[in-house]
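What follows is each chain in one-letter form.
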Amino acid sequence: MFDTLRDNSRIIVYIVVVAFVVSGGFMGYGAYLNNQGGGGQAPNQSPSVIAEVNGMEISQQEYFTLLQQQAPQSNLSSSQIIPFRYNVLNALIERKLIMDQAEKLGVNVKVSESEVDKNYQNILDQNKMTDQELADALAEQGYTIGQLREDIKSNLEDSKTITKTIEQGIPEVTVSDQEIQELYNQRYPQSENESENPTAENNTAETEKPELAEVKENLETEIRNQKRNQAVNNWLKELKSKAEITINEPVLSAYHALENENYNQAVEEFKTFVEQEETDAIFYSYLAQAYEGQNNYDKAEETYKTAIKSFPENNELKFNYAQFLAEQEKNDKAIALLDEVAAGAEDDFMTYYQLFMLYSQLGAEEKAQSAIEEVQRISQNMQQNQENVEIDAKKTEEFQEEAEQLEEDLEVEAPLETENNN
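Residues numbered from 1 in each chain as written. Predicted model: local features only at pLDDT ≥ 70, side-chain atom pairs only at ≥ 80, totals over all residues. Heavy atoms only, no water.

1. Some thoughts on the side chain of lysine 96
In this fold, lysine 96 is placed in helix H2 (residues 78-105). Lysine 96 gets classed as buried once you look at its relative accessible area, which sits at 17%. When sequence neighbours within four positions are dropped, the list of residues in contact with lysine 96 reads Val53, Met56, Glu57, Ile58 and Glu62. (Helix = DSSP H or I, 4+ residues; strand = E, 2+ residues; numbered from the N terminus. Buried < 20%, exposed > 50% of the residue type's maximum accessible area, 1.4 Å probe, protein only. Contact = heavy atoms within 4.5 Å.)

Structure below.
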């Protein structure tokens, strides 16, 4: 789950999982910060206070700490960077609101020493360390075992507080037999053979389709979790609608306006970004989306055209423009744009997959078929290359074993030759 402690500055503090709510799910700590450019870089320096929630500050340090630990192992595309960073900020905003609610509701939790001990042991196990090795590593960071245990306890208290506050904030979730039956029918539809001859001995559906009683508990749990997540979403949405939220980081502020359908603000803020000398193609896409939100489709299309002139090699931008054209039922223009992308796709797996999806959406079946054939070809080549790498690795391992054996044989023979010479 984590790299070794020695490779991460004080990351050990955050190994304890703390619950954050992001779009109905819980965000835990993990991974490292992907220092990449693109749309994630703000046009000007981030402020020391990233955002304020009902007067409560979210500091730059607090934000970047969570951003660092949530960043995925693989590189994000330009269109993914800003949403990812916004979701991290949104997690902190929601956390502030939940903790504020906890104080209003008088939520009180306790953490036992045994719970701290268990989490402390997990840290040792995950980092494959002894107590002394952990103490030495922490000392290099000006940190002690005692401080670590205090942080573990604090994180556990926060996690329990968040969970308890959510439980008090959302209504009780119930699941009816009718809901279970409907999901069962949807998940395991009745076959034609089964309806025509339910007692047929050769009815394969009878063996494949479980009885309701066998899966009822799992279906009930699935429905309950879905309804609970929706209830949490609604509760958080209501909290945020009543909260005074100010985002001081310019890019995240503009994206927040776009996400919350404040299109006038989004247009004004993203316009300032695209007008800068060094900008990113993704800002044009967001500006066009904001114009769409205003129902100003001419300006949206004009924005895409300007963007493609400035970034003629940017396929993400072309895909976004093609999607826009498809929504405007300008299918011929969209297909022509996709043809440009296909002409330079080479062996890019994701490009061909996106082409397949959009061609299919536009009803260009022959082009879609051609794209999916390229996907299959590239996939087979990737699989073959992987097999070749594994074969080469095995040969290398065998060669090393033979070399080590030869070295051992030479070491044995050398003393024998000396003895014979004597």
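2. A few points about the environment of asparagine 264
Take asparagine 264: it is sitting in helix H11 (residues 263-274). Between the C-alpha atoms of asparagine 264 and tyrosine 291, which are 27 residues apart in sequence, the distance is 8.4 Å.

3. Focus on the confidence of the model for the protein
Counting all residues, the mean pLDDT for the protein is 81, and 78% of those residues have values of 70 or more. Every residue in residues 1-44 scores below 50 in pLDDT, and together they form 144 contacts with partners more than four places removed in sequence or on other chains. (pLDDT = per-residue confidence, 0-100.)

4. Quick notes on the packing of helix H14 (residues 315-327) against helix H16 (residues 349-361)
The interhelical angle for the contact between H14 and H16, taken along N-to-C directions, is 10 degrees, at an axis separation of 11 Å. Taken together, H14 and H16 sit at an angle that is classed as roughly parallel. Of H16, the residues touching H14 (which contributes Asn315, Phe319, Ala322, Gln323 and Ala326) are Thr351, Gln354, Leu355, Leu358 and Gln361. When grouped by side-chain class, the residues that make up the contact of H14 with H16 number 5 nonpolar, 5 polar and no charged. (Axes fitted to C-alpha atoms, helices over the stretch in contact; angles between N-to-C directions. Parallel < 35°, antiparallel > 145°, perpendicular 65-115°, else oblique. Nonpolar A, V, L, I, M, F, W, Y, C, P; charged D, E, K, R; others polar.)

5. Topic: the sheet that holds strand E5 (residues 245-247)
Within the open sheet, the 3 strands sit side by side as E4-E3-E5. Their pairing is antiparallel. A single partner strand is all that each edge strand has here, and the edge strands are strand E4 (56-59) and E5. Across the sheet, the axes of successive neighbouring strands diverge by a mean angle of 20 degrees, strand direction being ignored. Examined bridge by bridge, strand E3 (residues 49-53) and E5 share 3 bridges and lie antiparallel to one another. Residue pairing in the sheet places glutamate 52 in a bridge with threonine 246 of E5. Those strands touched by helix H1 (residues 60-70) are E3 and E4, and its axis lies near 55 degrees from that of E4. (Pairing = 2+ DSSP bridges.)

6. So, the nonpolar core
Residues Tyr63, Leu89 and Phe270 are the most contacted members of the largest nonpolar core, which totals 78 residues. The biggest single contributor to this core is H2, with 11 residues. Once residues within four sequence positions are removed from consideration, leucine 89 is found in contact with Ile50, Ala51, Ile58, Tyr63, Ile247 and Leu252. With 13 residues, the next largest nonpolar core counts Val116, Tyr120, Leu138 and Leu156 among its residues. (Core = buried A, V, L, I, M, F, W, Y, C linked by side-chain atoms within 4.5 Å.)

7. Examining the pattern of salt bridges
On inspection of all chains with the given rule, the structure shows 21 salt bridges. As a salt-bridge pair, lysine 104 and aspartate 100 come within 3.5 Å of each other at their nearest N and O atoms. Linking lysine 104 with aspartate 100, this pair stays in helix H2, spanning 4 residues, or about one helical turn. Under the relative-accessibility criterion, aspartate 100 is labelled buried at 16%. A salt bridge links arginine 187 to glutamate 222; its shortest N-O distance comes to 2.8 Å. Pair noted here: arginine 187 is in helix H6 (residues 177-187) and glutamate 222 is in helix H9 (residues 212-242), with a separation of 35 residues, a long-range link. With a relative accessible area of 26%, glutamate 222 lands in the partly exposed category. (Salt bridge = Lys/Arg side-chain N within 4 Å of Asp/Glu carboxyl O.)

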